[in-house]
Amino acid sequence: MKKTSVLLTSNKLNIQDCYDFVQDASCGGIAVFIGAVRNSTENKTVTLLDFSSYEPMALKEIQKIADTALEKFSITKIAIHHAVGELKIGDIPVIIAVSSAHRKAAFEACEYAIDTLKKTVPIWKKEHFENGEVWVNSHP
Amino acid sequence: MKKTSVLLTSNKLNIQDCYDFVQDASCGGIAVFIGAVRNSTENKTVTLLDFSSYEPMALKEIQKIADTALEKFSITKIAIHHAVGELKIGDIPVIIAVSSAHRKAAFEACEYAIDTLKKTVPIWKKEHFENGEVWVNSHP
Amino acid sequence: MEIQVLFFGITADLVGKNSIILLVEKKTTIKQLKYDLTKEYSSLKNINDFAIAVNEDYAEDNLMLKKGDIVAIIPPVSGG
Amino acid sequence: MEIQVLFFGITADLVGKNSIILLVEKKTTIKQLKYDLTKEYSSLKNINDFAIAVNEDYAEDNLMLKKGDIVAIIPPVSGG
């Protein structure tokens, strides 16, 4: 039985797909985190985000997060799907879904996965504003 | 703008409906908890669960949880949907979705809501096994 | 005075009813009501403690009942 | 010896390239490579520190490069 689903795609992410993958008859709880593109950062209006990645390494790092979550927490399955390319306000850059017998572990693993993804996975976003653009996190 | 969606229904719950309700252009993160009917409890095989409720009071108590979550945490919207009636393995008794500008508050509010729901909302489940049935939590 | 008492979950099974009309003294407290009900329906002793709601809100032991109150017997909940 | 160097995110913009072939001495460490790159492309000083991956894994400062390694310049990530 495959316990991890890892995806990096320029297609639209699908919440139901992630749910269907992690859902299991032995599981009483499923925690899901859905990232969404916000309309502002530090009071500046965002028009779109452009996500790029170092694809083979990003996939390896996402897989590491999924595998580590399975080791660290009493969970059953985990899906981590990330989008690349241009995303508009309200679009979904990332979905993480975790199933487990009991809910506490699912919540913990879900937070662990998104926190770690934001630190280690080689994906970058450029924020586009009405009058300019900026690479997020890159400047001192 | 309505900030809470509260539902007690004998229809099938829908994850996308909850997501669509809480999704908002100002939100960067959405945390979702989905309860699922497990196939076993204490090593006994469950065939189905039967949920009943004191409906008007259950709705009031769920509304209280949603309102309190909005006060306690920096969140934008919250949906709490609960099913009643007979549910089979894999069916969804509860969905809680929470949106916020930043993810930490969404996770905290989501856990708060499911933890509190399990303590205060007058809903009861009877577990049906192959050879009998039992009201959950009711016996010393 | 008359009050209505609703039974839910396991208590409906134990008492064999969903609802009764009960005659109680004026100034009866929730604590007294619990005592009276457990005396009348001794099967209620077989479960964990139960809570009482009056008019759809949880009630403390020292609350006094009023005529026409709708009282609900709330065994340990198990939603979610 | 030759190695390939890939630039991502802001570093590709700063350097104006996605990829270069670089000639380095044998036994060059990651630390030395960072120093050399920042000297060659002084615009790299304008960003927060960057990490280095060798053959798709994060590399420590003391790792020594081998011929044919694929080195990636990883500016602060911002996925999610």
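The structure we're discussing is the one just above.
Residues numbered from 1 in each chain as written. Chains lettered and ligands numbered in written order. Predicted model: local features only at pLDDT ≥ 70, side-chain atom pairs only at ≥ 80, totals over all residues. Heavy atoms only, no water.

> Explain the overall build of chain A here, please?
For chain A, the count of helices and strands is three helices and nine strands. Once the C-alpha set of chain A is aligned to its principal axes, its extents read approximately 50 × 25 × 25 Å. Within chain A, contacts between residues at least 6 apart in sequence are counted, and of these 76% link residues at least 24 apart. For chain A, the accessible area works out to roughly 6000 Å², and carbon and sulfur atoms hold 46% of it. Taken as two groups, the 16 positive and 17 negative side-chain charges of chain A have centres that lie 4 Å from each other. (Helix = DSSP H or I, 4+ residues; strand = E, 2+ residues; numbered from the N terminus. Contact = heavy atoms within 4.5 Å. Areas by Shrake-Rupley, 256 points an atom, 1.4 Å probe, with all protein chains shown as cover. Lys, Arg positive; Asp, Glu negative; His and termini not counted. Charge placed at Lys NZ, Arg CZ, Asp CG, Glu CD.)

> Hey, could you run me through the arrangement of the chains in this one?
No other pair among the three pairs of chains in contact exceeds the contact count of chains A and B. The two partners chain B and chain D share no contact, and the minimum distance between any of their C-alpha atoms is 10 Å. Separated without contact, chain C and chain D have their nearest C-alpha atoms at a distance of 29 Å.

> What is the right way to look at the interface of chain B and chain A in this model?
Put simply, an interface is often sized by how much accessible area is lost when its parts join up. At the interface, 32 residues of chain B touch 32 residues of chain A. Overall, the association of chain B and chain A removes approximately 2700 Å² of surface from exposure, summing both partners, and the carbon and sulfur fraction of that is 55%. Residue lysine 104 of chain B is joined to glutamate 111 of chain A by a salt bridge in which the shortest nitrogen-to-oxygen separation is 3.2 Å. Applying the counting criterion to the chain B and chain A interface returns 13 residue pairs in polar contact (both at pLDDT 80 or more). (Buried area = accessible area lost by both parts, 1.4 Å probe. Salt bridge = Lys/Arg side-chain N within 4 Å of Asp/Glu carboxyl O. Polar contact = N/O pair within 3.5 Å; in protein donor to acceptor, adjacent residues only side chain to side chain.)

> Even after reading the chapter, I still don't get the pairing of strand β7 (residues 94–100) of chain A, so can you show me in this structure?
Within β7 of chain A, seven of the seven residues are buried, leaving the element largely enclosed by the surrounding structure. Taking every second residue as pointing to the same face, both faces of β7 of chain A are buried, with Val94, Ile96, Val98 and Ser100 of chain A on one and Ile95, Ala97 and Ser99 of chain A on the other. (Buried < 20%, exposed > 50% of the residue type's maximum accessible area, 1.4 Å probe, protein only.)

> What should I look at first to understand unusual backbone geometry in this one?
Even without glycine at this site, asparagine 137 of chain B takes up a positive phi of about 75°. If you trace the backbone, asparagine 137 of chain B turns up in the segment after β9 (132–135). Judged by its relative accessible area of 44%, asparagine 137 of chain B is partly exposed. Positive phi, close to 75°, is recorded for glutamate 56 of chain D, a residue that is not glycine. Inspection of the secondary structure assignment puts glutamate 56 of chain D in the loop between β3 (51–54) and β4 (57–58).

> I tried to follow the interface of chain A and chain D on my own but got confused; where do I start?
In this assembly, 28 residues from chain A lie in contact with 22 residues from chain D. Between chain A and chain D, roughly 2100 Å² of surface is buried when both sides are summed, and carbon and sulfur atoms account for 55% of that area. Three residues stand out in chain A for area buried against chain D, namely Tyr54, Met57 and Trp124 of chain A, and they jointly supply 30% of the buried area on that side. Here chain A and chain D share four salt bridges between them. Across the pair aspartate 57 of chain D and lysine 64 of chain A runs a salt bridge, and its minimum N-O distance is 3.3 Å. Joining chain A to chain D, the criterion identifies twelve residue pairs in polar contact (both at pLDDT 80 or more). For the side of chain A that touches chain D, the secondary-structure elements that each account for two or more residues are β4 (44–53), α2 (55–72), α3 (103–120) and β8 (123–129) of chain A. A class-by-class count of the residues in the side of chain A that touches chain D yields 15 nonpolar, six polar and seven charged. (Nonpolar A, V, L, I, M, F, W, Y, C, P; charged D, E, K, R; others polar.)

> I'm lost on the pattern of salt bridges in this one. Help?
Two side chains carrying opposite charge are able to pair once their charged atoms lie near each other. Residues and elements named next belong to chain C. Counted by the stated rule, this structure contains 25 salt bridges over all chains. The closest approach of N and O atoms between aspartate 69 and lysine 66, which form a salt bridge, is 3.3 Å. For lysine 66, a relative accessible area of 51% translates into the label exposed.

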